[in-house]
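# A closer look at the structure
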Amino acid sequence: MKRMIFGLLVTLVCWPLELSAQDAAFLKKRWSEVATRMPAEWYASEAAMEVAQQVVFCQQTAGGWVKNEPYHRPLTAVQSAAVAARRDEPGATIDNGATVLEMRFLARVYKNQGGEALREAFVRGLDYLLEAQYDNGGWPQFYPPRNPGHYSEHITYNDNAMVNVLELLRALPGEDDFLSLKLDEKRLDRAQQAFDAGIACILATQIVVEGVPTVWCAQHHKDTLEPVKARAYELPSFSGAESAGIALLLMEMETPSKAVIRAVEGAVAWFEANKQNDIALEWFEDEHGDPDRRVVHKKGATPLWGRFCDLETKQPFFCDRDGIKKWSLEEIGRERRAGYAWYTDKPAAVLKRYPEWRKKVGL
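Quick summary incoming for the structure in this document. Everything quoted here is computed from the prediction, not taken from an experiment.

Moving on: the pairing of strand 6 (residues 279-285). In the sheet, strand 6 pairs with strand 7 (residues 291-297) via 7 bridges, with the strands oriented antiparallel. Counterpart to Glu285 in the pairing with strand 7 is Pro291. Hairpin connection from strand 6 to strand 7: 5 residues lie between these consecutive antiparallel strands, with Gly289 at a positive phi of about 80°.

For any pair of aromatic rings, the description rests on two quantities: the centre-to-centre distance and the angle between the ring planes. By the definition in use, this model includes 21 aromatic pairs. Centre to centre, the rings of Phe26 and Trp42 are 5.1 Å apart; their planes meet at 55°, and the pair counts as tilted. Of this pair, Phe26 sits in the segment before helix 1 (31-36) while Trp42 sits in the loop between helix 1 and helix 2 (46-57); the two residues are 16 residues apart in sequence, bridging distant segments of the chain. Judged by relative accessible area, which is 11%, Trp42 ranks as buried.

The first and last C-alpha atoms of helix 2 sit 17 Å apart over 12 residues, in line with the 16 Å expected at 1.5 Å per residue. For helix 2, a buried count of 9 out of 12 residues is recorded, marking the element as mostly surrounded by other parts of the structure. Among the structural elements, helix 1, helix 4 (100-113) and helix 5 (116-132) are those in contact with the buried residues of helix 2.

Thresholds, definitions, all that
- Residues numbered from 1 in each chain as written.
- Predicted model: local features only at pLDDT ≥ 70, side-chain atom pairs only at ≥ 80, totals over all residues.
- Heavy atoms only, no water.
- Pairing = 2+ DSSP bridges.
- Helix = DSSP H or I, 4+ residues; strand = E, 2+ residues; numbered from the N terminus.
- Phe/Tyr/Trp six-rings, centres within 6.5 Å; stacked < 30°, edge-to-face > 60°.
- Buried < 20%, exposed > 50% of the residue type's maximum accessible area, 1.4 Å probe, protein only.
- Expected span 1.5 Å × (residues − 1).
- Contact = heavy atoms within 4.5 Å.

Listed below in structure tokens is the structure:
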């Protein structure tokens with residue numbers, strides 16, 4: 001796939017408008033921060049509109065966006081040509097926040113400044129998300145699919161991909177940024193149906209052990225719904241990180257069904273039973289001066305959970321790119337040991353919210 005080359009590898013052209021050093025500070029930030037976490041008044045600025053117009057320009061023909069691109073930084077002529085050349089390629093995705101971030105940004109700028117092109121791009125993005133959903137309620141990582149049989153065609157919870165979509169769909173009827181778009185009732189109805197189907201998919205994919213619901217894998221097969229691998233070092237497992245995002249989404253539902261309540265209870269019980277106490281991750285320099293990580297004993301440390309836990313033993317495991325399962329972080333090479341998040345503290349947020357949630361649902 002042709003890819004844009006951004007950032008420090010190229011010389012950035014200037015925006016058509018003049019920016020002071022203070023006003024241009026947003027160019028040094030991450031796209032995810034610019035898209036949704038700038039001061040409210042910034043989205044009414046001329047700079048925000050310039051960025052929004054570029055986001056519209058970068059939208060794929062399918063309706064989504066390519067991931068990991070700093071859309072707030074101006075394109076060179078070469079980059080612009082590359083964007084135009086790859087528009088029809090199957091590169092649109094919900095991975096790493098893509099498409100959802102761009103849609104949220106466009107809605108926020110539109111609320112502050114209008115601009116029909118921004119609204120139309122948002123609607124195309126929404127139609128893309130609705131089209132990409134499987135009949136079983138799940139979403140693939142990429143749509144249209146890139147290669148038949150590729151892991152990206154499976155239902156993707158990894159990095160909160162599907163959760164991000166569901167949170168956006170749920171917010172459409174009531175969140176201020178979206179109300180200004182005045183979406184038609186037909187699309188809002190379809191969005192609600194897609195949300196409901198997504199929740200049904202979450203319930204259907206929850207891993208059940210001896211009749212008890214537990215947590216989820218980062219990916220589930222698009223047809224069988226069984227846990228499946230993604231990259232070579234991302235094997236089928238109980239997922240500590242992704243399952244936390246799913247549980248929090250379910251806990252935010254205003255009127256959860258008995259099935260949703262049971263799903264949350266099962267996930268919470270699994271998190272409680274499988275937390276790793278009295279350990280911490282520590283950065284250090286190896287004998288070559290390269291950054292590395294190790295697990296150290298630390299009494300009273302905030303609990304951690306394995307990113308991947310074995311489906312039989314529930315024990316955290318670790319892999320190099322050869323896909324061979326190891327049982328301690330020290331057993332894998334520095335490249336994956338220092339370059340991947342093998343532990344997570346995300347379930348702590350679920351456990352913290354749990355007592356209040358129980359009261360809310362009347363338990």
